[in-house]
Amino acid sequence: MAYPVIKLKRGYDLLIEGEAEEKIIPLPETPTTVAIKPTDFLGIRPIPKLLKKEGSIKAGEPLFYDKDYGEELTWTAPASGEIAEIRRGPKRRIEAIVILLDKEQDYYEHEATLDNADSVRKALLSSGLWALMVQRPYGLVPRPDEKPDAIFMSMFDTHPLAPRLEFLVKDYEEDFLAGWEALKKLADGLPIFLGYSAERPHEDIFLSLNGENIRKYFFSGPHPSGNVGVHIHHVFPTYKGSRKIWTIKPQYLVWWGRLFRKGIIDLTTKIALTAHEVKEPAFYETIAGVNVKALLKDQLKNDHVRVISGNVFTGTKIDMEKGHVSIKDNMVTVIPEGDFPEFQGWLITHYPKPSISRTFLSGILYHLGIPVRYKVNTKMHGERRPFVVTGEYEQVTPMDLYPQHLLKAIIVKDLDLMEQLGIHEVIEEDLALCEFVCTSKTPVQKILREGIELFRHEVG
Amino acid sequence: MMKKLTDSLWNFLQTKVKPHFTKGGKFENLFYLYEAIETFLFLPPEVTHDKPGTHVRDGMNLKRLMIHVVFALIPAMLFGIWNIGHQHYIALGEYVGLSEGLMDKFLVGLKVFLPILIVVMAVGGTIEVLFSVIRKHPVTEGFLVTGPLIALIVPPTIPLWMVAVATAFAVTFGKEIFGGTGMNIVNTALLARAFLFFAYPAHMSGDQVWIYLGEAADRVVDGFSGATPLAVAAEGGYQALKTFSYQSYGFWDMFFGWIPGSIGETSTLAILLGAALLLHTGVADWRIMAGMLLGGIFTAFLFNMFPANEYMALPWYYHLVMGGFAFGLVFMATDPVTSASTFTGKWIYGFIIGVVALIIRVLNPAYPEGVMLAILLGNVTAPLIDHLVIKSYISRRERQVSAIVPSPKTQEPVKESSHA
């Protein structure tokens, strides 16, 4: 059966040196702690209710819940051990709950059966694995009492240096398929949309996913063609909030599967260590949320680097010594800090800089379709300015949107216009490229999130 | 070696100079002036810091964008300088050949052009810095382009004090009171020219202002005329251009640009070289250029079809090389701040300018040239054009979304579709 192919042209593939080789290498150091960060889950309050503040805890044991979401949905401990620290940020908001790892993992037992939609729902809620889903619009954790109009899953990731998702579920095939069964049960007859790449080869494990009411679409083109938001926009749009959609990443289904197969929370996964400041970019097999120091030891080419949990577009900066990889991330990117002055650097290119602008050789090569991998850094490459250039954001947004006008509507807090220009259709990751290319160095993702929050609170 | 030198310059700036300009220093009010100089010399060490935000940024920035417009202006500027001298000498009957007296012509041109440019940059730059100090915002790069543009669209005989007044007016009331670069409604350089045009018409139009004669005004050759091709064509159309006796005003003369006119606007060829750079780098939007070109050709063609007078019968392609059409098309209409911001809007905006420019030029006897006014009108209508484009986008989306409802149980009919 032939499936619809949606050809996207706009976008940009930022190629960075240091792609992780698809092999698992031993951890340079035994992980000592794991952390769960409430800030990874949008929609919950800054200070969730802690169910346990100290003492030993089993993997999967309820740890906190959010007042708005209700006690039905509990976030659980990612691993067993001793609660070592409740890390707090400004206004006492909880940034991370750190657990000192046991040598032998001890699992809290969950009751989880694949009987029907309700049993799956209950198991996911009480195990906290529910919160791995993201609801569109707004990019929040889905509410336990709601039902979506459809579920979307993107089967490929086009972010810079992102691992191939098939590799992430490799060796865990049975868990993955059990998770897939759970997802179908949860959907309970609602359509599940799967977005595949029309250009990158997929393996059978993904291609053979089947069942009633499954729709498959193929997408071609540069990043962000792998973003689930782009898929939704083209096949089942949420314009003006007309629909509610839940999204999930395939790699999380492995954890769902373990819950239903074994009744435990086992967040063992693969984490890629990538980019050109890493000596041997490859994969580790470890527990999600692990302390990043365990991955980095003897792996860094120099110390003056930024360690990012996730990719360079949407990831978060983490502390090299004390930081933890986000539970939701399967990659760590290490790039040099760009905090050095460059003599006439706005005019003279001292080293190759990736750009979509054809004022750079790199831009010309890109437009000619010649792929070049770059060493990147965290430099701003200019000062913040008001909007001057137009048409730049559209060039990298393969959606029927006017991103710059949307941002302007957010800046002037025009709620009606925000809605009409599609604030329901995008979250940060979808417009991250606009921020990358912006000549005026506008903080696009930050403004967008502020706009979404404003809209959500004013309109609901 | 170079690295050592620039490193020590950076250290000098940071340790010896910057403290005077930061809070508590002697010149803390002038911080943004210092910052402007520092960021001109060095791309600052600022790193990405927004949360949430990208960690890597494109190498592009506004300074780089603006400098490429300046680069694109260089051919027109060099040609303009030579042409001031060329027009000067043929008025005196010397160095009549194109290749003769290259250096002398160039020197005369420099003598005229440099003071204008210096006055513009000094006046405009001072006002920019003044505003940045008072309003406490960084000195932005806009004037880097606006300055040379103003100098290139005035006649060579313009008194310097007028240039100064016009620049001050345009920068203050055209840009800074709106909040500076990126906030202005009309093109600053064109506003300066419009100010001159309406305040001092005797110095901006007629047959006396386009050729610099200097102290040699009484030595001009017999039959001298300072009329521009536009003025000649307005009088008697194609025939008048052909029979104009003082100089040859053929199509190719105007294309290459050895004709009287505003300093930088005469050579279509030099402007096209600039256009090639702007289009290749993507700094200027091709949609606006294409729209205006189409609008101009369309209108001129319409005049050719229904020629009520000699001017209307002038072959359509002459209009593209006469007056300020090419310069306005490449450098003025494409200003991203004052033009339409949507792709569709850019086509419409360009087309309207092309049409209006020709209408004013040909049908309105009061003004021999219409490009300046057409672009200013375009600037003013650009927000309206965008508004209408966005409105139609919104209603299209609303219709489209209510139409897409997949059937509940089966995959939709398979068809290849192409988007964006």
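The phi torsion of most residues other than glycine is negative, and most of the peptide bonds are trans. The amide bond that connects Arg136 of chain A to the next residue, Pro137 of chain A, takes the cis arrangement and shows omega of -5°. If you trace the backbone, Pro137 of chain A turns up in the loop between β9 (134-136) and β10 (150-154). For the bond from Lys51 of chain B to Pro52 of chain B, the omega torsion is -5°, close enough to zero to count as cis. Tracing the backbone through its elements, the reader meets Pro52 of chain B in the loop between β1 (42-43) and α3 (62-92). Of note in the backbone geometry, Asn213 of chain A takes a positive phi value of approximately 65° without being a glycine. Within the secondary structure, Asn213 of chain A is located in the loop between α4 (204-207) and β12 (214-220). Given the relative accessible area of 5%, Asn213 of chain A is considered buried. The phi angle at His381 of chain A is positive, at roughly 60°, despite the residue not being glycine. Of note, His381 of chain A is situated in the loop between α8 (361-367) and α9 (392-395).

A word on the pattern of salt bridges. Residue and element names in this part refer to chain A. All told, the structure shown has 44 salt bridges over all chains when counted by the stated rule. A salt bridge links Arg87 to Glu85, with the shortest nitrogen-to-oxygen separation between them at 3.3 Å. Judged by relative accessible area, which is 31%, Glu85 ranks as partly exposed.

Residue and element names in this part refer to chain A. Taking burial as the measure, the six residues of strand β11 (residues 192-197) include six buried ones, the bulk of the element. Residues Ile192, Leu194 and Tyr196 point to one face of β11 and Phe193, Gly195 and Ser197 to the other, with burial holding for every one of them. As defined by bridge partners, β10 adjoins β11 across four bridges and the pair is classed as parallel. Residue Ile151 lies in a different strand from β11, and its bridge partner there is Ile192. With six bridges connecting them, β11 and β12 associate as parallel partners. Note that in β12 the partner of Leu194 across the bridge is Lys216.

This brings us to a nonpolar patch on the surface. Residues and elements named next belong to chain B. Together, Leu279, Trp286, Leu294, Phe298, Phe301, Leu302, Met305, Phe306, Trp347, Ile348 and Phe351 make up an exposed nonpolar region whose accessible area comes to about 1100 Å². Counting residues per element, the ones that place at least two in the nonpolar patch are α12 (286-305) and α15 (343-363). Among the elements that make up the nonpolar patch, the one with the highest residue count is α12 (six residues). For Phe301, the location among the structural elements is in helix α12.

The subject of this paragraph is the sheet that holds strand β8 (residues 94-101) of chain A. Residue and element names in this part refer to chain A. The strand order across the open sheet built from four strands is β2-β8-β7-β4, with neighbouring strands paired in antiparallel fashion. Since the sheet does not close on itself, it has two edges, and those belong to β2 (33-36) and β4 (56-57), each with one partner. By the bridge criterion, two bridges tie β4 to strand β7 (residues 81-88) in an arrangement that is antiparallel. Following the sheet pairing, Ile57 is matched in β7 by Gly81.

Bringing the nonpolar core into the picture now. Membership of the largest hydrophobic core comes to 245 residues, with the highest contact counts inside it found for Trp256 of chain A together with Phe331 of chain B. In terms of residue count, α3 of chain B provides more of this core than any other element does, 16 residues in total. Leave out the neighbours within four places in its chain, and Phe331 of chain B touches Val69, Ala72, Leu73, Leu149, Ile271, Gly274 and Leu278 of chain B. Within the second largest apolar cluster, 17 residues are counted, among which are Tyr284, Leu295, Leu296 and Val307 of chain A.

In this complex, chain A contributes 97 residues to the contact, which on the side of chain B involves 79 residues. Here Asp400 of chain A makes a salt bridge to Arg396 of chain B, at a shortest N to O gap of 2.7 Å. A per-element tally of the side of chain A that touches chain B places helix α12 (residues 428-437) of chain A first, with five residues. Class assignment of the residues belonging to the side of chain A that touches chain B gives a composition of 45 nonpolar, 26 polar and 26 charged. Note that strand β19 (residues 342-343) of chain A and β1 of chain B share two bridges and pair antiparallel. Looking at the pairing, Phe343 of chain A lines up with Phe42 of chain B of β1 of chain B.

Right, let's talk about the side chain of His319 of chain B for a bit. Position of His319 of chain B among the secondary structure elements: in helix α13 (residues 316-321). Apart from the residues lying within four places of it in its own chain, the contact partners of His319 of chain B are Ala300, Tyr311, Leu314, Phe325, Leu358, Arg361 and Val362 of chain B.

With that out of the way, let us pick up the domain arrangement of chain A. On domain assignment, one finds that chain A holds domain 1 (5-14 + 31-262), domain 2 (268-336) and domain 3 (380-459). Once you take the C-alpha centre of each, domain 2 of chain A and domain 3 of chain A turn out to be 29 Å apart.

What follows covers helix α3 (residues 173-187) of chain A. With 15 residues, α3 of chain A should cover 21 Å at 1.5 Å per step; its first-to-last C-alpha distance of 21 Å lies within 8% of that length. Along α3 of chain A, the positions that sit buried rather than exposed are Asp175, Phe176, Ala178, Gly179, Trp180, Ala182, Leu183, Leu186 and Ala187 of chain A.

The next thing to look at is α3 of chain B. All names here are of chain B. In a regular helix each residue adds 1.5 Å, so 31 residues correspond to 45 Å; α3 covers 45 Å between its end C-alpha atoms and thus fits that length. Remark: the principal bend of α3, roughly 35°, maps to Ile74, with a proline, Pro75, within the next four residues. Of all 31 residues that make up α3, 27 are buried, and the element is covered over most of its length. Of the residues that open α3, the one with a side-chain oxygen 3.2 Å from the backbone nitrogen of Lys63 is Asn61.

Cut-offs used in this document
Residues numbered from 1 in each chain as written. Chains lettered and ligands numbered in written order. Predicted model: local features only at pLDDT ≥ 70, side-chain atom pairs only at ≥ 80, totals over all residues. Heavy atoms only, no water. Helix = DSSP H or I, 4+ residues; strand = E, 2+ residues; numbered from the N terminus. Buried < 20%, exposed > 50% of the residue type's maximum accessible area, 1.4 Å probe, protein only. Salt bridge = Lys/Arg side-chain N within 4 Å of Asp/Glu carboxyl O. Pairing = 2+ DSSP bridges. Patch = residues over 30% accessible without salt bridge, like charges linked within 9 Å, V, L, I, M, F, W, Y side chains within 5 Å. Areas by Shrake-Rupley, 256 points an atom, 1.4 Å probe, with all protein chains shown as cover. Core = buried A, V, L, I, M, F, W, Y, C linked by side-chain atoms within 4.5 Å. Contact = heavy atoms within 4.5 Å. Nonpolar A, V, L, I, M, F, W, Y, C, P; charged D, E, K, R; others polar. Domains from an automatic or database assignment. Expected span 1.5 Å × (residues − 1). Bend = angle between axes of the 7 residues up to and from the residue. Polar contact = N/O pair within 3.5 Å; in protein donor to acceptor, adjacent residues only side chain to side chain.

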